[in-house]
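Coordinate analysis (summary)
Spelled out from the first residue to the last, the chains are:
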Amino acid sequence: MGSIKKHFNNASLKNKLFSIILLNVIIILFCSLCGNYLCTRMYNELLFKTIAGNLSVSSYSISEKLQNIETISSSLIADQAVQEQLTALKESDDAIVRNNANRTLNTILLSHFASLKSSGVAYISLYNDAFSNCTNWALLSKTDPEMIRAARENAEHMGGAVTWNYRGRNDYLLLTRSILKIDNLSFSNLGSLVIAVDLDQAVRASNQASALFNGSEYIITDQDNQVIYASSALSDGDAEYFMSNSTKPYQLLTSNGHTYFTVIGNLPRFEYRYISLIPFDSIDQSLKLALGLMVLGLILGFLLVVLLSTRLIRYIVGQFNSLITKMQAFREDKLPLSMEENEYSLREDELGKLHQQFDQMAGRIQTLVKVNYVNEILTKDARLKALESQINPHFLYNTLESINSIAKMHGNTTITQMVSALGNLLRATLSHEEPLVSLSYELELVESYMTIQKVRFEDRLIYEIHGNPLLTDVSIPPLTIQPLVENAIHYGMEEMTDECRILVDTLLADGTVTIQVKNQGSYFEPGLLEKLEKKEKQPNGFGIGLLNINQRIKILFGDAYGLTLYNEGSYAVASITLPYETKGDADV
């Protein structure tokens, strides 16, 4: 085992791939042959059951045809016209009456014969004391009169019941019944009915296997094992052989050098036994041919796989060799940056990515070597800018304080208010690092913002901020109310020419704090916040702000709280709900 592993490790990539593919193909071929063997056995068993089922179905069809003949015979002997005509024949010697009765009975027999012809009936004959009627005199003449006489005598002893009569495999199967007078329940004998059944025609019409398999044969025997019917292709010796050796529901039997598939059973509702058989030689040859073709196909497939695998392996190994050549060139510092090949730059397979990654790596390494000192300069420059960014807010606050001092010296209160408000806004925006602030602090920030906007819009802007003294220390995320006020001014003020009223209310009910920002002149689209969350509506800058406010509140206080947008009369309302918690409670 160790030597095999060592030999495999030292083999070339081409031989390794070929060995793996060859081993897999051999395993698949072996499994296919084993599977084919098992499938063939299962297929044969299923085929036997299917054929047996088809052959068994024919027995039901033959039985139904015989039952249909019995039913029609019952209908015929009970037919009122038949009863009347036979009674007239028995009670009258008038020639005209007899002629009319003869024509009527012929017509009735012919009509019933038409419905029984598909059941294999050769002819129907009716006998009475005056004359006899028949649907086919030519076939009647070929029937042994002695057989008909014996059948009629048998029917007389049965008192109108159905009797089946047979003599040999080459004769008709005769159904005979006595016709009794029904009127007044006298049950006197009016005549007899004989229906001759051509079993060969009935069997061929019922035997579905004859349409599926050439040469399908049939044997029918009585309870004493006397042959009632045997297909013409079977000799008496063949019939005797199959009758004696058919011991299983279905089996294969060999006779005269030929194999037959036989099925035995009983005709439903009749005391007859049947043996159905088909030649199995052609089926066996077909199975062997199919097996041979399958094996041949597997062998051809094996050879084709080996051929294609060899070519494919050669193609893949060539691409690896190309990569190895580039690596050797890079090691010798002979690889230019433009060596990326179009053949690999557009490919998305693993080999293409290997080539692309190596080309990129080689290019980056060469670039890093050349521009390393530039990176050091940029790093130092970034550090200086970071220091400047820490200095800028303080510089900005000092500048605003200087402007505020000059404005006070000149008595310009408007500039003083704007500078103070702007300083408060910038300090809250740039310097506050706490996750929560007090509501009073947030409202002061809103007051500073509104002071600046009031100077801008003058009397067109009317605002009111109602701060509840009980809610002064309630905790709220910073910069929560100001963006809503800013939005209210943007949509309620800049898009209107008249004055706009903005209200900020703070309410407390059942331990829940509600902060409402109302404005005139705008309208919230129904379900706006849900559409923004589901990305059914693309947010602009303020839409992102709404989602930010709502998400921050839910993260800090839970899903029961958050932002709600709705319209109330002429006002668009943005409502924030918070728990009644002070900053000290939140820290705890």
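Residues numbered from 1 in each chain as written. Predicted model: local features only at pLDDT ≥ 70, side-chain atom pairs only at ≥ 80, totals over all residues. Heavy atoms only, no water.

1. Digging into the confidence of the model for the protein chain
Here the protein chain averages 78 in pLDDT, and 77% of its residues register 70 or above. For the stretch residues 337–341, pLDDT sits under 50, and the model shows 9 contacts to residues farther than four places along the chain or on other chains. Across residues 373–392, confidence stays below pLDDT 50; counting only partners more than four residues off in sequence or on other chains, it has 1 contact. (pLDDT = per-residue confidence, 0-100. Contact = heavy atoms within 4.5 Å.)

2. Quick word on the sheet that holds strand β1 (residues 121–127)
The strands making up a sheet associate through backbone hydrogen bonding, with each pair oriented either parallel or antiparallel. Sheet architecture is open: 5 strands sit in the order β2-β1-β5-β4-β3, paired in antiparallel fashion. Since the sheet does not close on itself, it has two edges, and those belong to β2 (132–134) and β3 (163–165), each with one partner. Taken pair by pair, the neighbouring strands of this sheet meet at an average axis angle of 20°, ignoring direction. As paired strands, β1 and strand β5 (residues 189–197) are joined by 6 bridges and run antiparallel to one another. Looking at the pairing, Tyr-127 lines up with Ser-192 of β5. Packing against the sheet, helix α3 (residues 80–91) makes contact with β1, β4 (173–180) and β5, and its axis sits at approximately 125° to β5. (Pairing = 2+ DSSP bridges. Helix = DSSP H or I, 4+ residues; strand = E, 2+ residues; numbered from the N terminus. Axes fitted to C-alpha atoms, helices over the stretch in contact; angles between N-to-C directions.)

3. Concerning the packing of α3 against helix α4 (residues 95–116)
The N-to-C vectors of α3 and α4 enclose an angle of 150°; their axes lie 9 Å apart at closest approach. For the element pair α3 / α4, the angle class is roughly antiparallel. Two packed elements cross with a definite hand, and for α3 against α4 that hand is left-handed. Two secondary-structure elements touch here, α3 through Ala-81, Val-82, Gln-85, Leu-86, Ala-88 and Leu-89 and α4 through Val-97, Arg-98, Asn-100, Ala-101, Thr-104, Leu-105 and Ile-108. Among the residues forming the contact of α3 with α4, the class breakdown is 9 nonpolar, 3 polar and 1 charged. (Parallel < 35°, antiparallel > 145°, perpendicular 65-115°, else oblique. Left-handed = near helix turned anticlockwise from the far one by under 90°. Nonpolar A, V, L, I, M, F, W, Y, C, P; charged D, E, K, R; others polar.)

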